[in-house]
There are 2 protein chains.
Amino acid sequence: MQLNDLEIFRQLYELHSINATARALGFAQSNITARLQSLEREFNVQLFHRSHQGITPTKAGTEFYAYATAALKATARLRAHLHPDNARPQAIISTLLFNYLTSYRHVLSLQDYQYQLLSSTAIHTLTNTRVATVITYAQFQQPDYQPGPLHYLPAMFLRAPSATPSLPLLINSDQQCPFRARSLHFAAHHPVTTQAIDSWAAIINLVRAGQGVALLPAYLTQDDTLTRIPGTPGYRVPYRTYTRQ
Amino acid sequence: MQLNDLEIFRQLYELHSINATARALGFAQSNITARLQSLEREFNVQLFHRSHQGITPTKAGTEFYAYATAALKATARLRAHLHPDNARPQAIISTLLFNYLTSYRHVLSLQDYQYQLLSSTAIHTLTNTRVATVITYAQFQQPDYQPGPLHYLPAMFLRAPSATPSLPLLINSDQQCPFRARSLHFAAHHPVTTQAIDSWAAIINLVRAGQGVALLPAYLTQDDTLTRIPGTPGYRVPYRTYTRQ
DNA sequence: ACGTCTTACGCTGAACGTAACGATT
DNA sequence: AATCGTTACGTTCAGCGTAAGACGT
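Residues numbered from 1 in each chain as written. Chains lettered and ligands numbered in written order. Predicted model: local features only at pLDDT ≥ 70, side-chain atom pairs only at ≥ 80, totals over all residues. Heavy atoms only, no water.

Worth spelling out the cut-off: UniProt positions are given in the numbering used here, feature names are shortened, and annotations may be inferred rather than shown by experiment.
In the annotation of an unreviewed UniProt entry, the entry for chain A reads Transcriptional regulator, and the organism field reads Lacticaseibacillus thailandensis DSM 22698 = JCM 13996. Taken from UniProt, the Sequence similarities (unreviewed entry) comment for chain A reads in full: "Belongs to the LysR transcriptional regulatory family."

Given below as structure tokens:
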């Protein structure tokens, strides 16, 4: 069992759906099926009942949930404990990645770093920084920094569930932002009006309020305040962690 | 992080040695180095100081140990909880495998099954059993039983640390036992006297008491009451889990 | 039709063993 | 020389995505 399996299980338990979990975490749903099966095989117990309406936890599944949440919490606590305030290194990261990695994937803990949220453009034009870690979509060619493996942030065009058709497409002002680039490319090939906004919080609020649509991380569909716009493409926005020395 | 990493870490912490951990768990020591490094990378912290005398935990390592033991305990507790007494399926398994998998690897929990310890010969000649699980070195070709993946039990010739040379080689009486087969093969090509004993507990006791040597699972070297006999070969004894239906 | 979950299948990278290395006792 | 941990390298298989299937609504 991997630690990631516990995260996947938590999503399965909370979303009652293999499909929704796969979308939210950016996996293929066949893969979530397989991970769940391997978990059930390892513990030799059925964790969910399957139906065509989704999945519902068994008694064992509910017990497993208590275990999984406790283990994830203990791991987060350990991370906090290993990196006490005074020794906390600095990290530079884009806003959406920060939300995704801390609130959602729980791969990064608030206690791991002192975070500095910067735009992709700002990160790209950075020179002579000395922070321990930089997480960004942009190329980050600096001496002393080692690129980590490529990862992907799943993204799609979202709107409020109740939204009317033909809302403006809201686009971030950050010149180097890959969400901006993909949004502009889409807009160039489809009949939509666009609107630049320079804050992600503002964009997400506007989309939630039904005032516009935007290209956003897929995990925001999780709580059903946003849904994917049918017929629009999905993306996997690549990013990398660069570590000093 | 895998659950197995926690087990490896526990051994590292308790044995203060990468080499000893590798031997005990049946891994190449380069692999233990790599697993430890990946653990340190994942949590971004050094867990052990390395020296030519072995490894000593850092402060972070000690904190990690508390976490690891708690997590392993919680997992064992979950396994117990998922398979309450009344619903416990039956498993047939060889003695040495039982000890290895329950006491040592903690892959099997006492609470998972009602165990029935049988000799390899008895398992091999079994017909018409209906137990849920059979774990054995032998081929087990029965309708309704699905073979699982092949695993290996690392084994080597062991003696007491203080033992004198040229002790008799103790061999199990179980005709189908792969330890017996390998011991006999070794004896045929080397000048040793042999002695058949029909109980593993007796063999291990005799070896501990310095009355003989025997081919035994490698993990028994863990507590330093037994050591490997230099110049003798090591084996990886294959076994499989067969599951009903 | 559409949305569930499952199965089939090919690919890739992590995990493994072998072996060579460097350093200390 | 023996023993320790590290590095290099080739292999293998779990985990991944794509795609098709089976089943209900």
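That covers the picture; the talk isn't over yet.
### What about the protein's contact with DNA strand D?
To be explicit about the condition: The cutoff for a nearby residue is simple: one of its non-hydrogen atoms must lie within 4 Å of the molecule or strand. We call two N or O atoms a polar contact when they sit within 3.5 Å, provided that within protein one can donate a hydrogen and the other can accept it, with sequence-adjacent residues counted only if both atoms are side-chain atoms. Numbering goes from the N terminus for both helices and strands, where a helix is a DSSP run of H or I of at least four residues and a strand is a run of E of at least two. All residues other than Ala, Val, Leu, Ile, Met, Phe, Trp, Tyr, Cys, Pro, Asp, Glu, Lys and Arg, Gly among them, are scored as polar; the first ten of these are nonpolar and the last four charged.
Neighbouring residues of DNA strand D: 21 residues in total, closest A:Ala28, A:Ser30, A:Arg35, B:Asn19 and B:Arg50. Counting only atoms of DNA strand D within 4 Å of the protein, the fraction found in sugar and phosphate groups is 74%. A distance of 2.9 Å separates a sugar or linking oxygen of DNA strand D from a polar side-chain atom of A:Asn31. One of the backbone N or O atoms of B:Ile18 is found 3.0 Å from a phosphate oxygen in DNA strand D. At the level of elements, α3 (29-43) of chain A together with α2 (18-25), α3 (29-43), β1 (48-51) and β2 (54-57) of chain B are the ones that each hand at least two residues to the surface near DNA strand D. Among the elements that make up the surface near DNA strand D, the one with the highest residue count is α3(B) (four residues). When the residues that make up the surface near DNA strand D are grouped by side-chain class, the tally is four nonpolar, 15 polar and two charged.

### Describing the relation of the copies chain B and chain A
Look at the two chain copies: a rotation about an axis and a shift along it is all it takes to match them. The following threshold applies: Here the copies are matched by least squares. The fit uses the C-alpha atoms of residues with pLDDT of at least 70 in both. Contact criterion: two residues are considered in contact whenever any of their non-hydrogen atoms come within 4.5 Å of each other.
Each copy superposes on the other: chain B lies on chain A with an RMSD of 0.2 Å after a rotation of 179° and an axial shift of 0.1 Å. The transformation just described matches what one would write down for a two-fold rotation axis. Of the C-alpha atoms belonging to chain B, the one lying closest to the rotation axis is found on B:Gln2, 2.2 Å away. Residue by residue, 100% of the interface of chain B is reproduced at the interface of chain A, so both copies engage with the same surface.

### What about the nonpolar core?
Applicable threshold: By nonpolar core is meant a set of buried Ala, Val, Leu, Ile, Met, Phe, Trp, Tyr and Cys residues that side-chain atoms within 4.5 Å join together. Burial classes: relative accessible area under 20% of the type maximum marks a residue as buried, over 50% as exposed, and values in between as partly exposed (1.4 Å probe, protein chains only).
Counting 146 residues, the largest nonpolar core has A:Phe64, A:Phe179, A:Leu216, B:Phe64, B:Phe179 and B:Leu216 as its most contacted members. Sort the elements by how many residues they give to this core and helix α4 (residues 59-82) of chain A lands first, with nine residues. For B:Leu216, the residues in contact, after removing those within four places along its chain, are B:Pro154, B:Ala155, B:Met156, B:Leu158, B:Phe179, B:Trp200, B:Ile203, B:Ile204, B:Val207 and B:Leu226.

### Some thoughts on the protein's contact with DNA strand C
Taken together, 21 residues are adjacent to DNA strand C, and A:Asn19, A:Arg50, B:Ala28, B:Ser30 and B:Arg35 come closest. Near the protein, within 4 Å, the atoms of DNA strand C are sugar or phosphate in 74% of cases. Within the backbone of B:Ala28, a nitrogen or oxygen atom sits 2.8 Å from a phosphate oxygen of DNA strand C. At 2.8 Å from a sugar or linking oxygen of DNA strand C is found a side-chain nitrogen or oxygen belonging to B:Asn31. Where the surface near DNA strand C is concerned, the elements lending two or more residues are α2 (18-25), α3, β1 (48-51) and β2 (54-57) of chain A together with α3 of chain B. For the surface near DNA strand C, the element with the most residues is α3(A), which contributes four residues. The residue inventory of the surface near DNA strand C, partitioned by class, reads four nonpolar, 15 polar and two charged.

### A look at the UniProt feature "domain: HTH lysR-type" (unreviewed entry) in chain A
When the UniProt feature table is mapped to this numbering, "domain: HTH lysR-type" (unreviewed entry) covers residues 1-58 of chain A. For the annotated span residues 1-58 of chain A, helix accounts for 62% and strand for 14% of the residues, and the straight-line distance between the end C-alpha atoms is 20 Å.

### A closer look at helix α1 (residues 3-15) of chain A
Residues and elements named next belong to chain A. As a reminder of what qualifies: The span expected for a helix works out to 1.5 Å for each residue beyond the first.
In a regular helix each residue adds 1.5 Å, so 13 residues correspond to 18 Å; α1 covers 19 Å between its end C-alpha atoms and thus fits that length. When you tally the buried positions in α1, you get 11 out of 13 residues, the bulk of the element. Among all positions of α1, only Leu-3, Asp-5, Leu-6, Glu-7, Ile-8, Phe-9, Arg-10, Gln-11, Leu-12, Tyr-13 and Leu-15 are buried.

### Let's talk about the interface of chain B and chain A
Interfaces are often described in size by the accessible area the parts lose on coming together. To keep things clear, this is the line we draw: Summed over both partners, buried area is the accessible surface (1.4 Å probe) that two parts give up on being assembled. Salt bridges are defined by distance alone: a side-chain nitrogen of Lys or Arg within 4 Å of a carboxyl oxygen of Asp or Glu.
Listed as interface residues are 19 residues of chain B and, on the opposing side, 19 residues of chain A. Together chain B and chain A conceal approximately 1,900 Å² of surface at their shared face, both sides included; 61% is due to carbon and sulfur atoms. Summed over the shared surface of chain B and chain A, the result is two salt bridges. The residue B:Arg79 makes a salt bridge to A:Glu42 at a minimum N-O spacing of 3.8 Å. Joining chain B to chain A, the criterion identifies six residue pairs in polar contact (both at pLDDT 80 or more). A total of 10 residues in the side of chain B that touches chain A trace back to one element, the largest contributor, which is helix α4 (residues 59-82) of chain B. Broken down by class, the residue content of the side of chain B that touches chain A amounts to 11 nonpolar, five polar and three charged.

### Side note on the pairing of strand β9 (residues 213-217) of chain A
Residue and element names in this part refer to chain A. Selection rule: Note on pairing: DSSP must find at least two bridges between two strands before they are called paired.
In terms of burial, β9 is a largely internal element, five of the five residues being buried. Sheet topology places strand β6 (residues 145-159) next to β9; four bridges connect them, and they run antiparallel. Paired with Phe-157 across the two strands is Leu-215, which belongs to β9. Bridge analysis of strand β7 (residues 169-172) against β9 gives two bridges, and the strand direction is parallel. When the bridges of β9 are listed, Leu-169 appears paired with Val-213.

### A short note on unusual backbone geometry
With a phi close to 55°, A:His16 is a non-glycine residue in the positive phi region. With respect to the element layout, A:His16 can be found in the loop between α1 and α2. Phi is positive for B:Asn44, close to 55°, though the residue is something other than glycine. Overall, B:Asn44 belongs to the partly exposed group, its relative accessible area being 41%.

### Brief notes about the packing of aromatic side chains
Working definition: an aromatic ring pair is given by the centre-to-centre distance plus the angle between the planes. Here is the rule we go by: Stacked, edge-to-face and tilted labels apply to pairs of Phe, Tyr and Trp rings (six-membered ring for Trp) whose centres lie within 6.5 Å, assigned for plane angles under 30 degrees, over 60, and everything in between, in that order. The criterion for a charge sitting over a ring is simple: Lys NZ or Arg CZ within 6 Å of the ring centre, and within 35 degrees of the ring normal.
According to the stated counting rule, one finds 30 aromatic pairs over all chains in the structure shown. Judged by centre distance (5.9 Å) and plane angle (70°), the ring pair of A:Tyr137 and A:Phe179 falls under edge-to-face. You can see A:Tyr137 sitting in the loop between β5 (133-136) and β6 and its partner A:Phe179 sitting in helix α7 (residues 178-189), a full 42 residues away along the chain. On the accessibility criterion, A:Tyr137 (15% relative accessible area) is buried. On the basis of an interplanar angle of 35° and a centroid distance of 4.5 Å, the ring pair of B:Phe157 and B:Phe186 is categorised as tilted. In this pair, B:Phe157 sits in strand β6 (residues 145-159) while B:Phe186 sits in helix α7 (residues 178-189), placing the two residues 29 residues apart along the sequence. Exposure class is identical for B:Phe157 and B:Phe186. Each is buried. Through a chain of ring-to-ring contacts, the aromatic side chains of A:Phe9, A:Tyr13, A:Phe43, A:Phe48, A:Phe64, A:Tyr65 and A:Tyr67 assemble into a single cluster. Just above the ring of A:Phe43 sits the side chain of B:Arg79; from NZ or CZ to the centre is 4.5 Å. The ring of B:Tyr152 is capped by B:Arg236, whose NZ or CZ atom sits 4.1 Å from the centre of that ring.

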